[in-house]
Amino acid sequence: MLRLGVNIDHVATLRQARYRDDPKFWRAEPDPAEAALLCQEAGAHGITAHLREDRRHLQDFDLQRLKERIRIPLNLELANSAAMVEIAVRTQPEFVCLVPEHRTEVTTEGGLDVLGTEESLRGTIGRLNGSGIQVSLFIDPDPAQIEASARVGAQAVELHTGRYADLFNRKEDRNRELQRLVAGAQLAHQSGLTVNAGHGLTTGNVPVLHVVPHLHELNIGHTLIGRAVFIGLPAAISEMLSAMKGYAG
Ligand code: PXP
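Residues numbered from 1 in each chain as written. Predicted model: local features only at pLDDT ≥ 70, side-chain atom pairs only at ≥ 80, totals over all residues. Heavy atoms only, no water.

Q: In this structure, what is going on with the packing of aromatic side chains? I would like to understand it.
A: Aromatic ring pairs: the centre-centre distance and the angle between the two ring planes describe each pair. Considering all chains together, one arrives at three aromatic pairs under this definition. Where Phe-25 meets Trp-26, the ring centres are 5.9 Å apart and the plane angle is 55°; that geometry is what we call tilted. On the accessibility criterion, Trp-26 (71% relative accessible area) is exposed. The structure contains a cluster of three or more aromatic residues connected by ring pairs, namely Tyr-19, Phe-25 and Trp-26. The side chain of Arg-174 reaches across the aromatic face of Phe-168, ending 4.2 Å from its centre. (Phe/Tyr/Trp six-rings, centres within 6.5 Å; stacked < 30°, edge-to-face > 60°. Buried < 20%, exposed > 50% of the residue type's maximum accessible area, 1.4 Å probe, protein only. Lys NZ or Arg CZ within 6 Å of the ring centre and 35° of its normal.)

Q: Sorry if this is basic, but what is going on with the pattern of salt bridges here?
A: Between side chains of opposite charge, pairing is possible as soon as their charged atoms come close. Within this structure, the stated rule accounts for 16 salt bridges. Lys-67 is paired through a salt bridge with Glu-94; the nearest N and O atoms lie 3.3 Å apart. Placement of the pair is Lys-67 in helix α3 (residues 60-69) and Glu-94 in the loop between α4 (82-91) and β4 (95-98), with a sequence separation of 27 residues. Arg-227 is paired through a salt bridge with Glu-239; the nearest N and O atoms lie 2.5 Å apart. Here Glu-239 lies in helix α11 (residues 233-244) and Arg-227 lies in helix α10 (residues 222-231), a separation of 12 residues in the sequence. Taking the relative accessible area as the measure of exposure, Arg-227 reaches 34% and is therefore partly exposed. Taken together, the salt bridges that share partners define one network made up of Arg-52, Asp-54 and Arg-56. (Salt bridge = Lys/Arg side-chain N within 4 Å of Asp/Glu carboxyl O. Helix = DSSP H or I, 4+ residues; strand = E, 2+ residues; numbered from the N terminus.)

Q: Sorry, what's going on with the packing of helix α6 (residues 143-151) against helix α8 (residues 171-190) here?
A: The geometry of a pair of packed helices is captured by two quantities: the angle between their axes and the separation between those axes. Relative orientation of the contacting elements α6 and α8 amounts to 20°, with a least axis distance of 10 Å. Taken together, the axes of α6 and α8 lie roughly parallel to each other. Crossing of α6 over α8 shows right-handed handedness. Between α6 and α8, the contacting residues are Pro-143, Ile-146 and Glu-147 on the first element and Gly-184, Leu-187 and Ala-188 on the second. For the contact of α6 with α8, the residue count by class is four nonpolar, one polar and one charged. (Axes fitted to C-alpha atoms, helices over the stretch in contact; angles between N-to-C directions. Parallel < 35°, antiparallel > 145°, perpendicular 65-115°, else oblique. Left-handed = near helix turned anticlockwise from the far one by under 90°. Contact = heavy atoms within 4.5 Å. Nonpolar A, V, L, I, M, F, W, Y, C, P; charged D, E, K, R; others polar.)

Q: Help me understand the pairing of strand β8 (residues 215-220) in this model?
A: A regular strand places its side chains on the two faces of the sheet in alternate fashion. Burial analysis of β8 places five of its six residues in the buried class, the great majority of the element. One ladder, built from four bridges, connects strand β1 (residues 3-7) with β8; its direction is parallel. Each bridged residue has a counterpart across the sheet, and for Arg-3 the counterpart in β8 is Glu-217. Sheet topology note: the strand β7 (residues 194-198)/β8 ladder contains four bridges and is parallel. Opposite Val-195, over in β8, you have Leu-215 as the bridge partner. (Pairing = 2+ DSSP bridges.)

Q: How should the site of the ligand be read in this particular structure?
A: Taken together, the neighbourhood of the ligand is formed by 14 residues, with Thr-108, Glu-158, Gly-200, Gly-221 and His-222 sitting nearest. With respect to the ligand, the side chain of His-10 contributes an N or O atom lying 3.0 Å from an oxygen atom. His-222 places a main-chain nitrogen or oxygen 2.9 Å from an oxygen atom of the ligand. Contact with the protein chains covers 95% of the free accessible surface of the ligand, which is 390 Å². (Near = heavy atom within 4 Å. Polar contact = N/O pair within 3.5 Å; in protein donor to acceptor, adjacent residues only side chain to side chain. Areas by Shrake-Rupley, 256 points an atom, 1.4 Å probe, with all protein chains shown as cover.)

Q: Explanation requested: the packing of helix α2 (residues 32-41) against α11 in the structure shown.
A: At a closest axis distance of 9 Å, the pairing of α2 and α11 adopts a crossing angle of 45°. The orientation of α2 with respect to α11, classified from their angle, is oblique. The two elements α2 and α11 meet at a crossing, and its hand is right-handed. For the pair formed by α2 and α11, the contact residues are Ala-35, Leu-38 and Cys-39 on the first element and Leu-233, Pro-234 and Ile-237 on the second. Grouping the amino acids of the contact of α2 with α11 by side-chain chemistry returns six nonpolar, no polar and no charged.

Q: Hey, could you run me through the sheet that holds β8 in this one?
A: Strand pairing in a sheet takes place through backbone hydrogen bonds and is either antiparallel or parallel in direction. Pairing in this closed barrel of eight strands is parallel, and the strands run β1-β2-β3-β4-β5-β6-β7-β8 around the ring. For this sheet the average axis-to-axis angle between neighbouring strands, irrespective of direction, equals 25°. Pairing analysis gives four bridges linking β4 to strand β5 (residues 134-139), with the strands arranged parallel. Within β5, the residue paired with Phe-95 across the bridge is Gln-134. Of the strands in this sheet, β5 and β6 (156-160) touch α6, which is tilted by about 165° from β5.

This is a description of form; function is not addressed.
So this is what it looks like as structure tokens:
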């Protein structure tokens, strides 16, 4: 069964738009932890949360609230820095997904350069695994990055589907990117890695993604919160679960 991890950063983005100076203010809303509970009730299999170094959306206290309140696994997205790794060790999410982070980007752009940072990643993964946390690396579907991910000891990769999503309306280009995802998933699986995917996924492009083998979990955020404005979060989750149904693996 293909699992749905819901990225709830976008709920915090909305709260911060009004309450950036005091996100703990007594009437600050919406609360990402409340949203996570709704996602759990609606059938989501996990919650993904990105604590950025600039704290532009989720705050440290959100992580504690999430960890205390949800029963489904928490996947914490982080930059590979000593400070972030220590926060993860304290928070004890089930998974950490290491992502590249640039202050000027609106959302994560491009995958992690595993090849260029092998030594540092090996240390980070060792530290996280040592405290019982499984590690995933957010990478482009590039064979060299996938092989490097296995070499540094990651348990999983999250294949970046942003390019596939951007090219979705240009069929030839999209199919070329889809083939990269298919080959990437095969290679990752053969290398012993769990294969997740995410970024830019919608109910429109997820059914076509079913041709990619070995997928374990999709991490999806923006479209779910966007749809929730019109139909509510539980209905948005149900729609996405329907789009994911029938995945053959
Ligand atoms: N996976 C990673 C590593 C991300 O950074 C994001 C962005 O929030 C997502 C998945 C979800 O992407 P989207 O919000 O486009 O669904």
